[in-house]
Amino acid sequence: MTIKLPKAIEAYFEADRTGSPNAIAATFAENGVVKDKGKTHKGREAIRAWMADEAQQYSYTIEPFLIATENGKTQVTAHAAGDFPGSPIDLRFFFVLANDKVAELEITV
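For the structure given in this document, a descriptive report is provided here. For every chain, the first residue of its written sequence is number 1, and the numbers climb from 1 along that sequence. For a predicted model such as this one, the threshold for reporting local features is a pLDDT of at least 70, and the threshold for listing and counting side-chain atom pairs is 80 or more; totals across whole chains, interfaces and linings nevertheless cover every residue. With hydrogens and water excluded, all non-hydrogen atoms of the structure serve as input to the side-chain values.

### Some remarks on the side chain of Asp16
Applied cut-off: Numbering of helices and strands starts at the N terminus; helices are DSSP runs of H or I of at least 4 residues and strands are runs of E of at least 2. Between buried and exposed lies partly exposed: a residue is buried under 20% and exposed over 50% of the maximum accessible area for its type, with that area taken using a 1.4 Å probe on protein chains only. For the charge count, each Lys or Arg is scored as positive and each Asp or Glu as negative, with His and the chain ends excluded. Definition used for salt bridges: Asp or Glu carboxyl oxygen within 4 Å of a side-chain nitrogen of Lys or Arg. In what follows, residue pairs with any heavy atoms lying within 4.5 Å of each other are defined as contacts.
Structurally, Asp16 is set in helix H1 (residues 7-18). Put simply, Asp16 is tucked away with no salt bridge, and the nearest opposite charge, on Arg17, sits 7.3 Å away. Here Asp16 is in contact with Ile24, Met51, Tyr60 and Ile62, once residues within four sequence places are set aside.

So, in structure tokens, the structure goes:
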């Protein structure tokens with residue numbers, strides 16, 4: 001099933017498919033924020049480092065299948081499968097967008 005994603009969110013998932021930490025960081029606003037696994041990563045350099053660490057630890061694929069908007073956030077639910085503990089799993093990505101960039105992203109189960 002293909003869903004229509006806002007440009008910035010589509011860019012995030014496309015960058016994630018490439019596995020490039022630099023491409024992921026480029027989808028964020030300069031002071032973008034990622035919250036994942038109980039940690040907060042602020043700014044493009046911290047986001048690049050977060051993604052570089054994730055890419056070293058795990059191989060995975062993510063396929064978005066549901067989108068909803070609530071309280072100024074866009075929630076994308078995606079199926080994640082790979083060599084990480086608990087795989088496969090459906091993850092929820094909560095995006096706040098600003099000027100065609102990701103301003104905030106929180107990833108939860």
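### Quick look at the side chain of Thr77
Stated formally: Between N or O atoms, a polar contact is any pair within 3.5 Å; within protein, one atom must be a potential hydrogen donor and the other a potential acceptor, and residues adjacent in sequence are included only when both atoms are from side chains.
Among the structural elements, Thr77 can be located in strand E4 (residues 73-82). On the basis of relative accessible area, Thr77 is assigned to the buried category, the value being 10%. Among the polar contacts listed, one links the side chain of Thr77 to the side chain of Gln75, at a separation of 3.4 Å. Setting aside chain neighbours within four positions, we find Thr77 in contact with Glu63, Pro64, Phe65, Leu66, Asp90, Leu91 and Arg92.

### Observations regarding the nonpolar core
The test is simple: To form a nonpolar core, buried Ala, Val, Leu, Ile, Met, Phe, Trp, Tyr and Cys residues must be joined to one another through side-chain atoms within 4.5 Å.
If you look at the biggest cluster of nonpolar residues, it comprises 24 residues, and the most contacted ones within it are Tyr12, Phe13, Phe93, Phe95 and Leu105. Residue assignment for this core shows that the elements contributing at least two residues are H1, strand E1 (28-36), helix H3 (44-57), E4, strand E5 (89-98) and strand E6 (101-108). Element by element, the count of residues in this core is highest for H1, at 5 residues. Other than its neighbours up to four places away in sequence, Tyr12 contacts Ile24, Thr27, Phe28, Trp50, Phe93, Phe95, Val102, Leu105 and Ile107.

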